[in-house]
Amino acid sequence: MSAPVVLQVAATLTSPALVLRPWRIEDVAALVEVSRDPALRRWASSVVDNDTDGALWVQAQQRGWAARDRFGFAVLEAQPNSAHEQLVGNVVLKEVTCGKPAAEVGYWTAAHARGRGVAPRALEALTSWAFDTFEADGLERLELLHQVDLASCRVAQKSRYDFDTILPAAPPSPVMFFAVLQEGRWPPGPA
């Protein structure tokens with residue numbers, strides 16, 4: 001992977017096209033803005049309050065790419081009649097190790113983009129890329145941990161991740177679903 005990875009998700013009748021690409025320092029202002037959302041802050045593993053925090057977060061994403069064990073993508077939405085793209089979320093492939101059969105995926109969506117199908121579309125693109133890129137290295141399944149709420153369950157279902165188990169709560173976190181996508185099921189057939 002010497003060239004930067006950019007994933008394209010086609011527009012639908014109701015949603016603009018998405019672009020998934022590695023995070024850049026120029027994304028910091030948009031990251032700080034979307035990180036003001038209380039719901040996102042509640043679930044985020046690190047808090048981004050200002051440009052310094054944002055730069056450190058972006059640099060951590062870049063280090064993951066350099067180490068080839070964590071691949072964070074800024075999810076951008078094409079703006080009609082503009083060359084500008086708006087930050088609408090993040091997807092990440094993590095815990096990638098050659099010879100290890102499982103890796104984990106995660107996502108978050110900016111408040112202004114929730115409920116518009118951004119997360120499932122971005123997660124499907126990431127899932128396809130992960131298997132295309134790492135299956136030869138032994139990747140057999142992806143695991144998606146998500147909170148037990150209706151919206152997160154819908155994202156997992158729309159992204160075709162099968163329910164596996166419920167993990168016990170680890171205070172102060174709520175109970176989490178553990179959804180797993182098995183090798184050979186991507187793209188999955190009809191249910």
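Computed from a prediction, not measured in an experiment: that's the story for all the values here. (Residues numbered from 1 in each chain as written. Predicted model: local features only at pLDDT ≥ 70, side-chain atom pairs only at ≥ 80, totals over all residues. Heavy atoms only, no water.)

Trainee: Please explain the overall build of the chain as it appears in this structure.
Mentor: A count of helices and strands for the chain gives 5 helices and 8 strands. Secondary structure elements of the chain occur, N-terminal to C-terminal, as β-β-α-α-α-β-β-β-α-β-α-β-β. For the chain, with 191 residues in total, the buried portion stands at 43%. Intrachain contacts of the chain at a sequence separation of at least 6 include 59% that bridge at least 24 residues. (Helix = DSSP H or I, 4+ residues; strand = E, 2+ residues; numbered from the N terminus. Buried < 20%, exposed > 50% of the residue type's maximum accessible area, 1.4 Å probe, protein only. Contact = heavy atoms within 4.5 Å.)

Trainee: Any chance you could explain the pairing of strand S5 (residues 102-109) here in plain terms?
Mentor: Consecutive side chains along a regular strand alternate between the two faces of the sheet. Most of S5 is tucked away, with 7 of its 8 residues classed as buried. The sheet contact formed by strand S4 (residues 85-94) and S5 spans 6 bridges and is antiparallel. The partner of lysine 94 across the bridge, within S5, is glutamate 104. (Pairing = 2+ DSSP bridges.)

Trainee: When you look at the confidence of the model for the chain in this model, what are you seeing that I'm missing?
Mentor: Per-residue confidence for the chain averages 82 on the pLDDT scale, and 73% of its residues sit at or above 70. Taken together, the stretch residues 181-186 has pLDDT below 50 and engages in 21 contacts with residues farther than four places along the chain or on a different chain. (pLDDT = per-residue confidence, 0-100.)

Trainee: It is not clear to me how helix H4 (residues 118-134) should be interpreted in this structure. Could you clarify?
Mentor: Since there are 3.6 residues in each turn of an α-helix, residues three or four apart along the chain are aligned in direction. Spanning 17 residues, H4 covers 24 Å between terminal C-alpha atoms, matching the ideal 24 Å at 1.5 Å per step. Burial within H4 is extensive, with 13 of its 17 residues counted as buried. (Expected span 1.5 Å × (residues − 1).)

Trainee: Even after reading the chapter, I still don't get the environment of alanine 78, so can you show me in this structure?
Mentor: On the secondary structure map, alanine 78 appears in strand S3 (residues 70-78). For alanine 78, a relative accessible area of 28% corresponds to the partly exposed category. Separated by 67 residues in the primary sequence, alanine 78 and alanine 11 have C-alpha atoms spaced 8.9 Å apart. Not counting chain neighbours up to four residues away, the residues in contact with alanine 78 comprise Pro16, Ala17, His84 and Glu85.

Trainee: In this structure, what is going on with the side chain of arginine 21? I would like to understand it.
Mentor: Counting through the fold element by element, arginine 21 comes out in strand S2 (residues 18-22). At a separation of 2.8 Å, a polar atom in the side chain of arginine 21 contacts the side chain of aspartate 27. Arginine 21 has contacts with Val5, Val6, Asp27, Gly72, Phe73, Ala74 and Leu76, leaving out every residue within four places of it along the chain. (Polar contact = N/O pair within 3.5 Å; in protein donor to acceptor, adjacent residues only side chain to side chain.)

Trainee: What's the story with helix H3 (residues 51-67) in this structure? I'm lost.
Mentor: In a regular helix each residue adds 1.5 Å, so 17 residues correspond to 24 Å; H3 covers 24 Å between its end C-alpha atoms and thus fits that length. Within H3, burial applies to Gly54, Trp57, Val58, Gln61, Gly64 and Trp65. For H3, the angular spread of the buried residues around the axis is 105 degrees, confining them to a single face. Away from the buried face of H3 by more than 90 degrees, exposed residues Thr52, Arg63 and Ala66 are located. Here the buried face of H3 lies against S2, helix H1 (28-34), S3, S4, S5 and H4. The opening residue of H3 is asparagine 50, an N-cap whose side-chain oxygen sits 3.1 Å from the backbone nitrogen of threonine 52. (Arc of directions from axis to C-beta.)

Trainee: Can you walk me through the side chain of glutamate 77 in this structure?
Mentor: With respect to the element layout, glutamate 77 can be found in strand S3. Within the local environment of glutamate 77, its side chain forms a polar contact with the side chain of arginine 116, the two groups lying 3.0 Å apart.

Trainee: Just to check I follow, could you spell out unusual backbone geometry for this structure?
Mentor: Peptide bonds are trans in most cases, and residues, glycine excluded, mostly fall at negative phi. Even without glycine at this site, arginine 68 takes up a positive phi of about 60 degrees. Checked against the element boundaries, arginine 68 lands in the loop between H3 and S3. Within the chain, glutamate 95 stands out as a residue other than glycine whose phi angle is a positive 60 degrees. Classification of glutamate 95 by relative accessible area gives partly exposed; the value is 43%.

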